[in-house]
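Coordinate inspection notes
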Amino acid sequence: HAKQAGANATLHVTGYYNKPSQEGQYRHFMTIADSVDLPIVLYNIPPRCVVGLEIETIVRLAEHPNIVAIKEATGSFELASEIVERTDLTVISGDDALTLPLISIGAKGVISVASNLLPDRVRALTDAGLADDVAASRPIHAELFPLCKACLKLAVNPVTIKTAMQLAGRDSGEVRSPLWKMDEAGRAELGELLKQYGVMS
């Protein structure tokens, strides 16, 4: 369905709730990769799914021609380094605050929350990081860091970024149940932060 709808790749989280084994996850992703001629991006985020993909499983999955990238959100630079060194997968940061550090060890970009609000700054950070321009990339990282931190601190993602978009006049719709809107204290703190970025008057 995704391919017929025009998707040029798909993003897949690990199996959540049931806590599947590494072999179970391997077979799950291989079944998907064997079934659809569409590039697949693995999404490794144990804090959300409880289980993650271990390096040996990632190495095995990387052998499939349809599995082309991994969104790394474990926070482990050791794991990210091993993926870069042992596979041909494109490593993509899954955490805005870690984009620059991950690029420094071989990641190629970010699937970003902050880019919904400040796409030009996230693009500038990524471009400078990939060009090994430390003098340009570090100030942008420092500039974006408070927003990256707020997106995870003030409420669970995506509540904060949806609220920020609303406050900036780019409402992306209500959050869906069981998520709930941000409380007034959080909205006030977020509003003050957005003023610093010039996206809210």
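Conventions and cut-offs
Residues numbered from 1 in each chain as written. Predicted model: local features only at pLDDT ≥ 70, side-chain atom pairs only at ≥ 80, totals over all residues. Heavy atoms only, no water. Core = buried A, V, L, I, M, F, W, Y, C linked by side-chain atoms within 4.5 Å. Buried < 20%, exposed > 50% of the residue type's maximum accessible area, 1.4 Å probe, protein only. Helix = DSSP H or I, 4+ residues; strand = E, 2+ residues; numbered from the N terminus. Contact = heavy atoms within 4.5 Å. Expected span 1.5 Å × (residues − 1). Arc of directions from axis to C-beta. Disulfide = S-S within 2.5 Å. Bend = angle between axes of the 7 residues up to and from the residue. Patch = residues over 30% accessible without salt bridge, like charges linked within 9 Å, V, L, I, M, F, W, Y side chains within 5 Å. Areas by Shrake-Rupley, 256 points an atom, 1.4 Å probe, with all protein chains shown as cover. Salt bridge = Lys/Arg side-chain N within 4 Å of Asp/Glu carboxyl O. Pairing = 2+ DSSP bridges. Right-handed = clockwise from strand over helix to strand, strands pointing away. Axes fitted to C-alpha atoms, helices over the stretch in contact; angles between N-to-C directions.

1. Section: the nonpolar core
- In terms of nonpolar packing, the biggest core is built from 28 residues, with Leu117, Leu118, Leu144, Leu147, Leu194 and Val199 touching the most fellow members.
- Looking at this core, the elements that each hand over two or more residues are helix 6 (119-130), helix 7 (134-153), helix 8 (159-167) and helix 9 (184-196).
- By residue number, the principal contributor to this core is helix 7, which donates 6 residues.
- Once residues lying within four places of it in the same chain are set aside, the contact partners of Leu118 are Leu144, Leu147, Tyr197 and Val199.

2. Section: helix 6
- Here helix 6 is 12 residues long and its end C-alpha atoms lie 16 Å apart, about the 16 Å a rise of 1.5 Å per residue gives.
- Of the residues making up helix 6, those classed as buried are Val122, Leu125, Thr126, Ala128 and Gly129. Looking straight down helix 6, one finds that the buried residues subtend no more than 170° of arc, so they occupy a single side. Those residues of helix 6 that are exposed and angled more than 90 degrees off the buried face are Asp120 and Arg123.
- The elements touched by buried residues of helix 6 are helix 5 (99-104) and helix 7.

3. Here we look at the state of the cysteines
- In the structure shown here, the tally under the stated rule is 0 disulfides.
- Sulfur of Cys49: no disulfide; nearest cysteine sulfur belongs to Cys151 and is 19 Å away.
- You can see Cys151 has no disulfide; the closest cysteine sulfur is in Cys148, sitting 6.8 Å from it.
- Judged by its relative accessible area of 5%, Cys151 falls in the buried class.

4. A few points about helix 7
- Spanning 20 residues, helix 7 covers 27 Å between terminal C-alpha atoms, matching the ideal 28 Å at 1.5 Å per step.
- Most pronounced at Leu144, the bend in helix 7 amounts to some 40°, and the proline Pro146 follows within four residues.
- Listing the buried residues of helix 7 in full gives Ser137, Ile140, Leu144, Leu147, Cys148, Ala150 and Cys151.
- Along its buried surface, helix 7 packs onto helix 5, helix 6, helix 8 and helix 9.

5. Side note on a nonpolar patch on the surface
- On the surface, a cluster of nonpolar side chains totalling about 380 Å² of accessible area is made up of Val13, Tyr16 and Tyr17.
- One can find Tyr16 in the loop between strand 1 (10-13) and helix 1 (22-35).

6. Some words on the pairing of strand 1
- Burial along strand 1 is one-sided: the face carrying Thr10 and His12 is buried and the face carrying Leu11 and Val13 is not.
- In terms of strand pairing, strand 1 meets strand 2 (residues 40-44) through 4 bridges, oriented parallel. Each residue of the ladder has a partner; that of His12, found in strand 2, is Leu42.
- Crossover connection from strand 1 via helix 1 to parallel strand 2: handedness right-handed.

7. Describing the sheet that holds strand 2
- Overall, parallel pairing links the 4 strands, which are arranged 1-2-3-4 in an open sheet. Here the strands that pair on one side only, and so sit at the sheet edges, are strand 1 and strand 4 (90-93). For this sheet, the mean inter-axis angle between neighbouring strands, taken without regard to orientation, is 25°.
- Here helix 4 (residues 77-86) sits on the sheet in contact with strand 2, strand 3 (67-72) and strand 4, set at roughly 165° to strand 3.

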